[in-house]
Amino acid sequence: MASYIRSWLPSPWAAADQPLSTPTIVAELPESEVDDDDTATIRGDDDDDEPPAFPSLNSAQRADSSSQNTAVPAVPRILSDSDRMPPPPMPTLPTRTPGVPSMSTSLGVPAIRGSLAPPLSTTKAPAKKSRKVALAPGHGPLDWANLKKSGQDLRGVDSIQRITPSELKRHNKKDDVWSAFNGKVYNITWYLPYHPGGEKELLRVAGRDGTKLFSSTHGWVNADYMLDECLVGFLVPEP
Ligand code: HEM
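Because the structure is predicted, anything quoted here is derived from the model rather than measured.

Peer 1: Is there a simple way to think about the overall build of the protein in this case?
Peer 2: When you go through the protein residue by residue, the secondary structure sums to seven helices and five strands. Ordered by position from the N terminus, the helices and strands of the protein form the series α-α-α-β-α-β-β-β-α-α-α-β. The proportion of buried residues among the 239 residues of the protein is 21%. Of the contacts made within the protein by residues no fewer than 6 positions apart, 62% connect residues no fewer than 24 positions apart.

Printed below as a string of structure tokens:
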């Protein structure tokens, strides 16, 4: 092995007893494969005009042809219509007659009412009717926020007081309305025309503790923030 490798290397690594010639590779074909004619095929048959198989043979067909020992694969047999697998049956579509309930009702699916109406299963329950009222111009939420900021006295008292239920009850007229929410007493007189639920609803709590009614109507409303400039005192029990 070492001498073989050395034979490929130039001097001085080459062994002294080896000639410095490059070895040549000689390919020797068997007698039967030698063909002098340029136009001949590798098998030496000049009359091989058989076209290649098209479409190409699959592996099973190739295996079959090789077992028969034929060098040129056989052209696959073209199947006739009767040889082929029959096509699947055409799906039957329900025929709709206008005005007649569709087949879907027999399948337990609610029929679509009208051509463009959504199916009943996706329709929402009607939303609860809003009880908001149309406020007079200049009495929206932003107007109330501006009035609070204006510096106008919205309390009507000189100082924050301790207010008993009997004192609270004295302020129950439309031009002088006090009400208690969560222990705080507010003068809501100025707020009346700004209340989205209307003056009438708000007057239901005039002169009394309105916490329960307020929470059951709209517990998410932040009354402490909305009425901070209207605070007059804290509700205390009767002495
Ligand atoms: C003084 C305290 C109160 C404040 C600050 C206040 C504030 C509000 C606000 C901001 C809304 C609009 C809610 C929204 O946009 O969804 C509203 C709606 C309403 N408020 Fe009041 N509210 C007060 C007291 C009351 C009271 C005591 C009642 C009595 C029942 C009441 C009845 C309603 C009603 C019925 C609505 C309409 C709800 C709807 O959208 O259907 N509010 N209120």
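After that view of the structure, there is still more to cover.
Peer 1: What is the right way to look at the coordination of the iron atom of the ligand in this model?
Peer 2: The textbook angles at a metal center are 109.5 degrees for a tetrahedron of four donors and 90 or 180 degrees for an octahedron of six. The protein atoms donating to the iron atom of the ligand are H195 (NE2) and H218 (NE2), with metal-donor distances spanning 2.0 Å. Coordination at the iron atom of the ligand is octahedral: its six donor atoms span angles of 87 to 179° at the metal. Of this pair, H195 sits in the loop between β4 (184-187) and α5 (199-202) while H218 sits in helix α6 (residues 211-218), and the two are 23 residues apart along the sequence. The class for H218 is buried, based on a relative accessible area of 17%.

Peer 1: Explain the nonpolar core here, please?
Peer 2: In summary, soluble globular proteins display a tendency toward joint burial of nonpolar side chains. W144, F181, Y186, I188 and L227 are the most contacted members of the largest nonpolar core, which has 18 residues in total. Looking at this core, the elements with two or more residues in it are α3 (141-149) and β3 (176-181). Listed in part, the seven residues of the second largest apolar core include I163, L168, W178 and V185.

Peer 1: For this particular structure, what's the right way to read the pattern of salt bridges?
Peer 2: Pairing is possible between side chains that carry opposite charge, provided their charged atoms lie close to one another. Summed over all chains, the structure comprises seven salt bridges. We note a salt bridge from D224 to K184, for which the minimum N-O separation is 3.5 Å. Of this pair, D224 sits in helix α7 (residues 223-226) while K184 sits in strand β4, placing them 40 residues apart in sequence. Accessibility expressed as a relative area gives 26% for K184, which makes it partly exposed. If you follow the salt bridges from partner to partner, you end up with R131, E201 and R204 in one network.

Peer 1: Looking at this structure, how should I read the site of the ligand?
Peer 2: Lining the immediate surroundings of the ligand are 21 residues, of which R131, K132, Y191, H195 and H218 lie closest. In this structure, a nitrogen atom belonging to the ligand sits 2.7 Å away from a side-chain N or O atom of H195. For the shell around the ligand, the elements supplying multiple residues, two or more each, are α5 and α6. At four residues, α6 tops the list of elements feeding residues into the shell around the ligand.

Peer 1: I keep staring at the sheet that holds β3 and nothing clicks. Help me out?
Peer 2: Working definition: the strands of a sheet are paired by backbone hydrogen bonds and lie parallel or antiparallel to each other. Spatial ordering of the open sheet is given by β1-β5-β4-β3-β2, a layout of five strands whose pairing is mixed. Edge strands, defined here as strands with exactly one partner in the open sheet, are β1 (161-163) and β2 (172-173). Summarising the sheet, β2 and β3 pair through two bridges and their orientation is antiparallel. Of the residues in β3, the one forming a bridge with N172 is V177.

Peer 1: Hey, could you run me through α3 in this one?
Peer 2: Side chains that are three or four residues apart share a direction in an α-helix, a result of its 3.6 residues per turn. Taken as a whole, α3 has its buried residues at W144, L147 and K148. Seen along its axis, α3 keeps its buried residues to an arc of 100°; they face one direction. Relative to its buried face, α3 has exposed residues pointing more than 90 degrees away, namely L142 and K149. In the core, the buried residues of α3 are packed alongside α7. With its phi angle positive at about 90°, G151 sits one or two positions after the end of α3.

Peer 1: In this structure, what is going on with the pairing of β4? I would like to understand it.
Peer 2: Looking down a regular strand, the side chains alternate between one sheet face and the other. Taken together, the four bridges between β3 and β4 define a ladder with antiparallel strand orientation. Bridge assignment links S179 to a residue of β4, and that residue is Y186. Counted between consecutive antiparallel strands, the loop separating β3 from β4 contains two residues, among which N182 sits at a positive phi close to 55°. Inspection of the sheet shows β4 paired to strand β5 (residues 231-235) by three bridges, in the antiparallel sense. In the sheet register, V185 faces β5, and the bridge partner there is G233.

Reading guide: rules and limits
- Residues numbered from 1 in each chain as written.
- Predicted model: local features only at pLDDT ≥ 70, side-chain atom pairs only at ≥ 80, totals over all residues.
- Heavy atoms only, no water.
- Helix = DSSP H or I, 4+ residues; strand = E, 2+ residues; numbered from the N terminus.
- Buried < 20%, exposed > 50% of the residue type's maximum accessible area, 1.4 Å probe, protein only.
- Contact = heavy atoms within 4.5 Å.
- Donors = N, O, S within 2.8 Å, 3.2 Å for Na, K, Ca; no water.
- Tetrahedral: all angles 85-135°; square planar, octahedral: opposite > 155°, others 65-115°.
- Core = buried A, V, L, I, M, F, W, Y, C linked by side-chain atoms within 4.5 Å.
- Salt bridge = Lys/Arg side-chain N within 4 Å of Asp/Glu carboxyl O.
- Near = heavy atom within 4 Å.
- Polar contact = N/O pair within 3.5 Å; in protein donor to acceptor, adjacent residues only side chain to side chain.
- Pairing = 2+ DSSP bridges.
- Arc of directions from axis to C-beta.

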